[in-house]
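Chain by chain, the residues:
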Amino acid sequence: MFNHSKKGHKMIYFEDIIEEIEKNLTGEIDVAELAKKANMSLYEFRRIFSFVAKIPLNEYIRKRRLSQAAVDLYQSKQSITEIAFRYGYDSASSFSRAFREFHGVAPSEAIKEKTSFSVLTRLSTQILTTGGESLSYQVLDLPEFWVHGICGESAIEDTECCERVWEQFYNDARSEQLCKPEQEKLYAVYDNQEDCVRCLIGNIGRGTQNESSQRIPESLWVCFGMRGTDDETVNGFYHRILWQWFASVGYERNPELPNIEVYPVDMSGEEFDWEIWIPVIKKVK
């Protein structure tokens, strides 16, 4: 299950997400809308899908489309160009390159030789008993504050959300000032936009509204401590928070505010402590 409860929203399960993707393999798949239906930020949704499915969301969609395209080559009378457009490719040549990379053979050769194909099968789900695990957290009621620093965007199709923004941050001369020891903490603000995630990395301080700063309104925050940044571990931890923790407490996620991750300015070691801040509101009984 992705979403347990949100007032005014229908409960949505992982199998519903997969069904929505399957129905739209030949059309537009609005990942931001899927995240909204699951009551998650885009950043959270991509992390959780990757953890549950063991494959990044965009890679799953791409490989399912290429798998189905191979079926269409055998079963339909459409041309390679028609099938390419059907599965979202802007030309037969770009489709052929992707097809060869996945299946190991060009579409024209596959039709001629009736060769075998690679297939990424549709994901299925199992009923699992989860929960019963202890998650330590702290709820903070914080006044308005500002984060200022270096900002970038992570596109929907990025395999790792905001990875390029972090690379941009460390390649920017301003990061030296933001990472001085006296700053102590780095704040990464992940804010959903229409077609991307805006990521701002910096420090708390005075600010004015511009592309390098963001106002964070007064809010309740639930804060979880974390150690290490291994993708599997972090995605699993987000999964436990958003699936298990929210199902067991009197809070729900505040969709109006971004998630924040809080890091030490010195992240040179393999293991260090950091925090996940998620904006919350009290559930209405």
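Presented here is an overview of the structure given in this document. (Residues numbered from 1 in each chain as written. Predicted model: local features only at pLDDT ≥ 70, side-chain atom pairs only at ≥ 80, totals over all residues. Heavy atoms only, no water.)

### What about the packing of aromatic side chains?
And step 1. Under the definition given, this model contains 20 aromatic pairs.
And step 2. An angle of 45° between the planes, with centres 6.5 Å apart, marks the rings of F45 and F49 as tilted. On the criterion of helical spacing, the pair formed by F45 and F49 is a turn pair, its members being 4 residues apart in helix α3 (residues 42-53). Neither residue differs from the other here; F45 and F49 are each classed as buried.
And step 3. Aromatic ring contacts, followed pair by pair, group Y137, F224, F237, W245, F246 and Y251 into a single cluster. (Phe/Tyr/Trp six-rings, centres within 6.5 Å; stacked < 30°, edge-to-face > 60°. Helix = DSSP H or I, 4+ residues; strand = E, 2+ residues; numbered from the N terminus. Buried < 20%, exposed > 50% of the residue type's maximum accessible area, 1.4 Å probe, protein only.)

### Comments concerning the environment of S96
And step 1. In this fold, S96 is placed in helix α6 (residues 92-103).
And step 2. Since its relative accessible area comes to 22%, S96 is described here as partly exposed.
And step 3. Once the C-alpha coordinates of S96 and I80 are considered, the two residues, 16 residues apart in sequence, prove to be 8.4 Å apart.
And step 4. Setting aside its immediate chain neighbours within four residues, S96 contacts I80 and P107. (Contact = heavy atoms within 4.5 Å.)

### A look at the packing of α3 against helix α10 (residues 231-245)
And step 1. Contact geometry for α3 and α10: axes closest at 8 Å, N-to-C directions at 110°. Comparing the axis directions of α3 and α10 gives the class roughly perpendicular. Contact residues: α3 offers Y43, E44, R47, I48, S50, F51 and V52, while α10 offers E232, V234, N235, G236, Y238, H239 and L242.
And step 2. Its residues placed into classes, the contact of α3 with α10 shows 7 nonpolar, 4 polar and 3 charged. (Axes fitted to C-alpha atoms, helices over the stretch in contact; angles between N-to-C directions. Parallel < 35°, antiparallel > 145°, perpendicular 65-115°, else oblique. Nonpolar A, V, L, I, M, F, W, Y, C, P; charged D, E, K, R; others polar.)

### Focus: unusual backbone geometry
For residues other than glycine, phi is negative in most cases, and the peptide bonds are mostly trans.
And step 1. For K54, which is not glycine, the phi torsion reads 65° and is therefore positive.
And step 2. Position of K54 relative to the elements: it lies in the loop between α3 and α4 (57-75).
And step 3. A residue is classified by how much of its surface remains accessible, and K54, at 56% relative accessible area, is exposed.
And step 4. Here E184, not a glycine, exhibits a phi torsion of approximately 70°, which is positive.
And step 5. Position of E184 among the secondary structure elements: in the loop between α9 (175-178) and β3 (185-192).
And step 6. You can call E184 exposed: its relative accessible area is 56%.

### Side note on the nonpolar core
And step 1. With 68 residues, the main nonpolar core has I21, F45, F49, Y190 and I241 as its most contacted residues.
And step 2. The dominant element in this core, judged by the number of residues it contributes, is α4, at 7 residues.
And step 3. Core analysis: the second largest hydrophobic core is formed by 12 residues, V147, Y187, V189 and W277 among them. (Core = buried A, V, L, I, M, F, W, Y, C linked by side-chain atoms within 4.5 Å.)

### Structural notes on the pattern of salt bridges
And step 1. In total, this model carries 12 salt bridges according to the counting rule given.
And step 2. R253 is the partner of E44 in a salt bridge, and the nearest nitrogen-oxygen pair spans 2.8 Å. Linking E44 in helix α3 with R253 in strand β7 (residues 251-253), this pair joins segments that are 209 residues apart in sequence.
And step 3. Look at R253 and you get buried, because its relative accessible area is 6%. (Salt bridge = Lys/Arg side-chain N within 4 Å of Asp/Glu carboxyl O.)

### Some details on the pairing of strand β2 (residues 145-155)
And step 1. Buried residues dominate β2, accounting for 8 of its 11 residues.
And step 2. Pairing between β2 and strand β5 (residues 213-216): 4 bridges, direction antiparallel. Paired with V147 across the two strands is Q214, which belongs to β5.
And step 3. Of the strand pairs in this sheet, β2 and strand β4 (residues 196-204) are connected by 9 bridges, and their pairing is antiparallel. For V147, the partnering residue across the bridge sits in β4 and is I204. (Pairing = 2+ DSSP bridges.)

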